[in-house]
Structures are given as structure tokens and as C-alpha cells.
Amino acid sequence: MNSQWYGIVLLGGPGSGKGTQAVLLASALNIPHISTGDLFRYNLKQGTPLGILAKSYMDRGELVPDEVTVAMVRDRLSQPDCALGFILDGFPRNVAQAEALDAVLAEFGRVITSAPYLHVNDAVLLERLSNRWTCRSCGAVFNKVTPPPREGCKKEHCDGELYRRPDDEPETQKNRIRVYEKQTAPLIIFYAKRGLISEISGEQDVEHVQLDMLRAVNLGMSGSSSQGAMKPSAADEEC
Ligand code: AMP
């Protein structure tokens, strides 16, 4: 379908649907979905030093230190399956990581091409996180909209056990949202200054969000009422 190169950064709070949408988009564009949270959880499952280090931060809803995270992403982006691009989900999480990402891409002669931003109100985010179940085996996510089957995962022949992520517990959730607002939300302005942000309502059903996402990454701006390219306001420019 494409010979184009896609450098996509998917933005949105915890529980905004980034994971679900990234999987669909990756399949539509035939590029890998790279989730730093999944990479840390994979390392934890394998018992690697990286996984053990990450766990202490993840359990508190805090960010894993930038140098560790950036090195992991750099390594992942060097893999051959990123030749046509990638969708980053959960990275960058702060401006320092975004700048480090630019430096890594510059080494490859590439730049970020779009940054769809899934907007969901805080109350909805909290409700979604408290109803979230994850498959221990394949990482599939279930919630109120796609309720978990009683007998386990059942996604594409998987029969993994479903569990609640420790960082989906109420106190950790609140901290993750605080961390997101303080450290990650400023990235909306960071990418808006380059004209790369398209705001999409993450409160629509999965199919409509996906259509908006496809428009955002292929065309940049579209006429859809739920989506629009954001320009930084004068006040934003000052900060
Ligand atoms: P996620 O699955 O994206 O919600 O990430 C789960 C947890 O992994 C986060 O709360 C952080 O502790 C850690 N994590 C994931 N991505 C990053 C990142 N880009 N920088 C630092 N920590 C991260």
C-alpha cells in the first residue's frame, strides 16, 4: 500500500486508547508498533536487568530514567523492520526524550512525520483504567467496550490469563495521570510548533478514531469535526 516513510508519534493520556489504535494503524500501514511500556513489560517477564530496573518505576507510575529508555528505543529503531517507519506509543514521554528522538532520527536522516493526539477527558481516562484487563501472554487489552471473555484471552488462538496491571491500581493510576499532565502533555505544544499535531477525539468508537488516525497520518489535516491540526496559540508560543 505504501512506499512512503512514516515516523509517527502517538500522543494521549494513559487509557486514551493509544495501544488499541496503534495496533490497527500498524497493520494498515505495515509498519511496526513500538510501545515502550510493552518493551519494559517484556523485559520484566524475561527477568532482564532492564526489566527489573524498570519495574521499580512502573510500580509507582513514575517514568523510567530517560537515558535507559532512549537507549532501548534507539536500539529498537535500528531494527530492519523499521525501514518503512514506525508508530511510537508511550514514547517520547517528555521534552528531553523528544529531543533525544530527533537526534536518533537525524542519524538515520529521518524526522517525525506526524503526531496524532488522542484526547480523552480525565474522568473517562480514570474510568477506562479501572476497567482495564490485560492478557499476560499476548498483551491484548480488554475493558468496558471490549469486555474480557470469562475463560481468558481468546484473541487469535491465545488462551493467556487476564490480569490487572499493577500500575492500573487506583493510586498509581492517579499518579500516572499527574505525571502525564506535567511531563508528557507539553509535547502537544512541542509537536504543534512543527505543525505535526492532529487532535482526535478518543471518546468516539474504535472505528471512527481509526479513520481519523488514518487521515491524520496520511494527509495531516482533515475536515473531520472531531479532528483538526492544532497550531500553538500565542500564549503557547511564549512558554
Ligand atoms: P505504558 O504501558 O505506556 O502505560 O507504560 C507503563 C509504564 O512504563 C509507565 O508508567 C512508565 O513507568 C514506563 N514507561 C513507558 N514508556 C516510558 C517512557 N517513554 N519513558 C519512561 N518510562 C516509560
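Here is what the cut-offs are and how they apply
- Residues numbered from 1 in each chain as written.
- Predicted model: local features only at pLDDT ≥ 70, side-chain atom pairs only at ≥ 80, totals over all residues.
- Heavy atoms only, no water.
- Pairing = 2+ DSSP bridges.
- Helix = DSSP H or I, 4+ residues; strand = E, 2+ residues; numbered from the N terminus.
- Axes fitted to C-alpha atoms, helices over the stretch in contact; angles between N-to-C directions.
- Parallel < 35°, antiparallel > 145°, perpendicular 65-115°, else oblique.
- Left-handed = near helix turned anticlockwise from the far one by under 90°.
- Contact = heavy atoms within 4.5 Å.
- Nonpolar A, V, L, I, M, F, W, Y, C, P; charged D, E, K, R; others polar.

Caption draft 1: Representation of the sheet that holds strand E5 (residues 133-135). One open sheet accounts for three strands, arranged E6-E5-E7; its pairing is antiparallel. Looking at strand neighbours, the two that pair on one side only are strand E6 (141-142) and strand E7 (162-163), the edges of this open sheet. As judged from the two bridges shared by E5 and E7, these two strands associate in the antiparallel manner. Of the residues in E7, the one forming a bridge with Thr-134 is Tyr-163.

Caption draft 2: Structural detail: the packing of helix H2 (residues 36-46) against helix H3 (residues 49-58). Contact geometry of H2 with H3 gives a least axis separation of 7 Å together with a crossing angle of 120°. When the axes of H2 and H3 are compared, the pair comes out oblique. You can see that H2 and H3 cross each other, and the crossing is left-handed. Each of Gly-37, Phe-40, Arg-41, Asn-43 and Leu-44 in H2 lies in contact with H3, whose residues at this interface are Leu-50, Gly-51, Ile-52, Ala-54, Lys-55 and Met-58. Within the contact of H2 with H3, the residues separate by chemical class into six nonpolar, three polar and two charged.

Caption draft 3: Quick look at the packing of helix H4 (residues 66-77) against helix H5 (residues 95-107). At their nearest, the axes of H4 and H5 sit 10 Å apart, and the two run at 30° to each other. Considering their axes alone, H4 and H5 lie roughly parallel with respect to each other. Along this stretch, H4 crosses H5, giving a crossing that reads as right-handed. Along the contact surface, H4 presents Asp-66, Thr-69, Val-70, Arg-74 and Leu-77, while H5 presents Ala-96, Gln-97, Ala-100, Leu-101, Val-104, Leu-105 and Glu-107. The residue makeup of the contact of H4 with H5, split by class, is seven nonpolar, two polar and three charged.

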